[in-house]
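Breakdown of the fold
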Amino acid sequence: MLSIRDLSVGVEGKTILRHLNLQVRAGEVHAVMGPNGSGKSTLAQALAGHPAYTVTGGEVTYLGQDLLAMSPEDRARAGLFLAFQYPIEIPGVSNAAFLKAAINELRAARGLDELDAMDVLELLHEKLELVEMDRSFLNRPVNEGFSGGEKKRNEILQMAVLAPTLAILDETDSGLDIDALKIVAGGVNRLRRPDNAIILVTHYQRILQYVEPDHVHVLVDGHIVKSAGKELALELERKGYDWIRDEVATV
Amino acid sequence: MSTSTKTLEALATRDYKWGFVSDIEADTLPPGLNEDVIRLISAKKAEPEFMLEWRLRAYRHWSKLARQAGEPKWANVTYPPIDYQKIVYYSAPKRQGEGPASLDQVDPKLLETFEKLGIPLSEQKRLAGVAVDAVFDSVSVATTFKEKLAELGVVFCSFSEAVQNHPDLVQKYLGSVVPYTDNFYAALNSAVFSDGSFCYIPRGVRCPMELSTYFRINAAGSGQFERTLIVAEEGSYVSYLEGCTAPMRDENQLHAAVVELVAQEGAQIKYSTVQNWYAGDAEGRGGIFNFVTKRGKCAGRGARISWTQVETGSAITWKYPSVILQADDSIGEFYSVALTANRQQADTGTKMLHIGKNTRSTIISKGISAGRGNNTYRGLVRILPRATNARNYTQCDSLLLGDRCGAHTFPYIEVANASSLAEHEASTSKISDEQLFYCKQRGLSGDNAVSMIINGFCKEVFKNLPMEFAVEATKLLGVSLEGSIG
């Protein structure tokens, strides 16, 4: 589904990702872990097409297409979803209106008819239960005045509603209490199907107790230094990231 | 400068789909202004003596102003001097016959014009729930639902008809809120105004439909000078809408209107405007000079007047819809969205004059500047000594698109008693790259993202518009900003 080869990315002239390689197949959940400043968020943002991140080398193929040649909105319309680490506020625009616009943009891209307000509401009401938010949530302006946990849950709600093919969660688990973490994890698990894939970018092993990854990658200084199965996450939790650094250095 | 800022800047190609010219035979006076022109306008309308006298007094006052101080110069706008002798003060489509206008006597081309503008006037196609007075250049060409409204005692007709059929009301209220001495343009309008709309809502009547005037400028070289007068008697309610468009021309055209509202005890007037005059091109050539005086008076206890305006057009907008809170417990409201793109300039705001006790006013102003537009909010809140316990809340927000536009705020607050309270909040923001990226990541195009963010910014104002207008306003902002981002 997603094939990243030799990807290098810079921001404001500074190279962050160096020659990164990653293969994600349909049905898989990948955890990308790493210490602060290792380039985890850069990877997430670059895949979504944030204009501040400049790709300086390498290629990315997504569902057979050259991802890097696509605009951010075309990537979204092709089913790529990024749950933001710091969700953005849009004052005055209700969650419902925002989601209705997004749903219909995605449907239009797939040649489907527009959903009317009633259909959209029905879908939203159903998905709201997944994130355990009440309906008043829909009338509130997008992320404005939301608590940190509400913002993260809102990202999961959007993900559930937009049903992406490839979901990238950028530290969605950070700063959540245990209840919110379970809700986020539940949202991710429900998305898990043989025909889509998830990349969990995270600093902590905590969420991986609820979402079992197929692969765990460790990102240090802009490239993946170690990949293994889920047991790697536990080892990292026990030993910390310095252990990996040392191991890489010895090799 | 980031890519999205750059593309936001490229706000050049604004599509103005109302810019066509109708080929209509017109009865037009030669350009120029003197007492004879005023006598001629008055004679063409077969006006009673008091009207002519009033016009002439206004003209003499205006001449004096023109000789002395000239036009007001305090506004934050620049334009070349206007030659008032080059303006055509009266241009009316020729009637198909004599006598009062009925639809079958209206030139079919006129009906076609309004239909093209989305304002069908014929019996079969009328907008449901909205009565329309259609003003073309200097005169009203048709008013729909007049008879139906008359059953309730509601008078809704052109100003000219009101002068003929309700001279006592006109004489009583004309100039009672905006005297001809008020300002330069009000004096000019009072001297030469050729038509407009008149509404009278009798005591206790809740007007069952929206009343609306659609103003269309068509003739070249002409100015439009219309007057609207709305009187709401005790305990009545009316919602009034106003829309306007003009052809695209390279020269500027002057639109100097006066609107007067009178709300008696417990009456409520809701006045909404979607102003979409031709704004000129990307280089600032052409466009309407919209120099308008609008004011309402809460004459009776507990009266309420709300102005809602969406100003997207005109090369220059100079208007301050105001409320005189004369009676105790009266309420004044001003909700405004003003958009300036390309080289447009707007100096707009309101005046809230608190005279009565416990009077309340709310001002919500949203200014959007793009391209090289220049947007100024100018507002006066004056609370007089007698207006104990008066309250004002003002919120002024500016949104900037790109880095070559301007936003300015000039709030004047004068409070003359200790029991009153005036609050003022202001903010200036830009559409951030992060907001755009967030929307695009959810699949929205850049244009849709910008218009969604702008609609969010304007929400507090739009929610005060009647439903049909809110939709139109939303679309209009979308059109005005189309292509503002790549």
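Coordinates for the structure precede this section.
None of these values were measured; they are calculated from a predicted model. (Residues numbered from 1 in each chain as written. Chains lettered and ligands numbered in written order. Predicted model: local features only at pLDDT ≥ 70, side-chain atom pairs only at ≥ 80, totals over all residues.)

Topic: the overall build of chain B
Definition in use: Numbered from the N terminus, helices here are DSSP runs of H or I no shorter than four residues, and strands are runs of E no shorter than two. The exposure scheme places C-beta atoms from the backbone and then counts, for each residue, the other C-beta atoms within 10 Å of its own, assigning buried at 20 or more, exposed at 12 or fewer, and partly exposed in between. Contact criterion: two residues are in contact if their C-beta atoms, reconstructed from the backbone, are within 7 Å.
Of the regular secondary structure elements, chain B holds 11 helices and 23 strands. The buried share among the 486 residues of chain B stands at 56%. Residue pairs at least 24 apart in sequence account for 83% of intrachain contacts in chain B once pairs closer than 6 positions are excluded.

Details of the environment of Gly280 of chain B
All names here are of chain B. With respect to the secondary-structure elements, Gly280 resides in the loop between strand 12 (268–275) and strand 13 (287–298). Among the residues examined, Gly280 registers 25 C-beta atoms within 10 Å and is labelled buried. For Gly280 and Lys357, which are 77 residues apart along the polypeptide, the C-alpha to C-alpha distance reads 45 Å. Beyond its immediate chain neighbours, meaning those up to four positions away, Gly280 contacts Arg285, Gly286, Gly287, Ala315, Asn342, Arg343 and Gln344.

Concerning the interface of chain A and chain B
We apply this condition: In this classification, the charged set is Asp, Glu, Lys and Arg, the nonpolar set is Ala, Val, Leu, Ile, Met, Phe, Trp, Tyr, Cys and Pro, and all remaining amino acids, among them Gly, are polar.
Contacts between the two partners involve 21 residues from chain A and, on the opposite side, 21 residues from chain B. The set of elements that each furnish at least two residues to the side of chain A that touches chain B consists of helix 2 (72–77), strand 7 (90–94) and helix 3 (95–109) of chain A. Top contributing element to the side of chain A that touches chain B by residue count: helix 3 of chain A, with five residues. Taken together, the residues of the side of chain A that touches chain B break down into 15 nonpolar, three polar and three charged.

Structural notes on the nonpolar core
Here is the rule: Nonpolar core, as used here: buried Ala, Val, Leu, Ile, Met, Phe, Trp, Tyr and Cys residues forming one set through C-beta atoms within 7 Å.
Counting residues in each nonpolar core, the largest one holds 205 residues, and the members touching the most others are Ile168 of chain A together with Ala263 and Ile269 of chain B. In terms of residue count, the dominant contributor to this core is helix 10 (residues 446–462) of chain B (nine residues). Sequence-distant contacts of Ile168 of chain A, defined by excluding residues within four places in its chain, comprise Ala44, Leu47, Ala48, Phe81, Leu82, Ile199 and Val201 of chain A.

A word on helix 3 of chain A
Applied cut-off: A helix's residues, less one, multiplied by 1.5 Å, set its expected span.
Taking 1.5 Å per residue as the helical rise, helix 3 of chain A with its 15 residues ought to reach 21 Å, and the 21 Å between its terminal C-alpha atoms agrees with that figure. Of all the positions in helix 3 of chain A, only Asn95, Ala97, Phe98, Leu99, Lys100, Ala101, Ala102, Ile103, Glu105 and Leu106 of chain A are classed as buried. Looking at the packing, one finds that the buried side of helix 3 of chain A touches helix 2, strand 7, helix 4 (117–130), strand 8 (141–142) and helix 5 (148–162) of chain A together with helix 10 of chain B. Phi turns positive, to about 75 degrees, at Gly111 of chain A, one or two residues after helix 3 of chain A.

Considering the pairing of strand 15 (residues 316–319) of chain B
All names here are of chain B. Here is the rule: When DSSP finds two or more bridges between a pair of strands, those strands are recorded as paired.
Burial of strand 15 is two-sided: the residues Ile316 and Trp318 facing one way and the residues Thr317 and Lys319 facing the other way are all buried. In the sheet, strand 13 pairs with strand 15 via four bridges, with the strands oriented parallel. Within strand 15, the position partnered with Asn290 by the bridge is Thr317. Relative to strand 18 (residues 345–354), strand 15 is paired through four bridges, and the arrangement is parallel. Its bridge partner lying in strand 18, Ile316 is registered against Gln345.

A word on the sheet that holds strand 9 (residues 166–170) of chain A
All names here are of chain A. Test applied: Inter-axis angles, ranging from 0 to 180 degrees, are taken between N-to-C directions of lines fitted to C-alpha atoms, where helices are fitted over the stretch in contact.
Spatially, 6-9-10-3-11-12 is the arrangement adopted by the six strands of the open sheet, whose pairing is mixed. A strand with exactly one partner marks an edge of an open sheet, and here the two such strands are strand 6 (80–83) and strand 12 (223–228). Averaged over all pairs of adjacent strands, the angle between their axes in this sheet comes to 20 degrees, without regard to strand direction. Pairing of strand 3 (residues 29–33) with strand 11 (residues 215–220), which is carried by four bridges, proceeds in the parallel orientation. Directly across from His30, in strand 11, lies its bridge partner His215.

Remarks on the environment of Ile383 of chain B
Residues and elements named next belong to chain B. As for its position among the elements, Ile383 is in strand 20 (residues 374–383). Distance in space between the C-alpha atoms of Ile383 and Ile87 is 40 Å, their sequence separation being 296 residues. For Ile383, the contacting residues outside a window of four places in its chain are His354, Ala390, Glu414, Val415, Ala416, Asn417, Ser420 and Ala422.

What to know about the packing of helix 3 (residues 49–67) of chain B against helix 8 (residues 184–192) of chain B
All names here are of chain B. Quick note on the threshold: By convention the crossing between two helices is left-handed if the near helix lies anticlockwise of the far one by an angle smaller than a right angle, and right-handed if it lies clockwise.
Put simply, helix 3 and helix 8 touch, their axes get as near as 7 Å, and they point 145 degrees apart. Helix 3 and helix 8 meet at a crossing whose hand is left-handed. Listed contacts from helix 8 to Trp54, Arg55, Ala58, Tyr59, His61, Trp62 and Leu65 of helix 3 are Phe184, Ala187, Leu188, Ser190 and Ala191. Of the residues that constitute the contact of helix 3 with helix 8, the class distribution is nine nonpolar, two polar and one charged.

Observations concerning the sheet that holds strand 1 (residues 2–11) of chain A
Reading across from one edge, 2-1-4-5 (chain A) is the order of the four strands in this open sheet, with antiparallel pairing throughout. The strands lining the two open edges of the sheet, one partner per strand, are strand 2 (14–24) and strand 5 (65–66) of chain A.

Some words on helix 2 (residues 35–44) of chain B
Residues and elements named next belong to chain B. Keep this limit in mind: Working definition: the arc comes from the directions between the helix axis and the C-beta atoms, pointing outward to the latter.
Of the residues making up helix 2, those classed as buried are Ile38, Ile41 and Ser42. The arc that holds every buried residue of helix 2, seen down its axis, measures 95 degrees, which confines them to one face. In helix 2, those exposed residues whose orientation departs by more than 90 degrees from the buried face are Asp36 and Ala43. One or two residues past the end of helix 2 sits Ala46, with phi positive at roughly 50 degrees.

Here we look at the packing of helix 4 of chain A against helix 5 of chain A
Residue and element names in this part refer to chain A. Our working definition: If an angle is under 35 degrees, it is roughly parallel; if it is over 145, roughly antiparallel; if it lies from 65 to 115, roughly perpendicular; otherwise it is oblique.
Where helix 4 contacts helix 5, the two axes come as close as 9 Å, and the packing angle between them is 130 degrees. Here helix 4 is positioned oblique relative to helix 5, judged by the angle of their axes. Relative to helix 5, the crossing made by helix 4 is right-handed. When helix 4 is examined against helix 5, the residues Leu123, Leu124, Lys127, Leu128 and Leu130 are found in contact with a partner set consisting of Leu157, Ala160 and Val161. Among the residues forming the contact of helix 4 with helix 5, the class breakdown is seven nonpolar, no polar and one charged.

Considerations on the pairing of strand 20 of chain B
Residues and elements named next belong to chain B. Burial of strand 20 is extensive: eight of the 10 residues sit out of reach of the surface. The sheet contact formed by strand 18 and strand 20 spans 10 bridges and is parallel. Bridging from a neighbouring strand, His354 pairs with Ile383 of strand 20.

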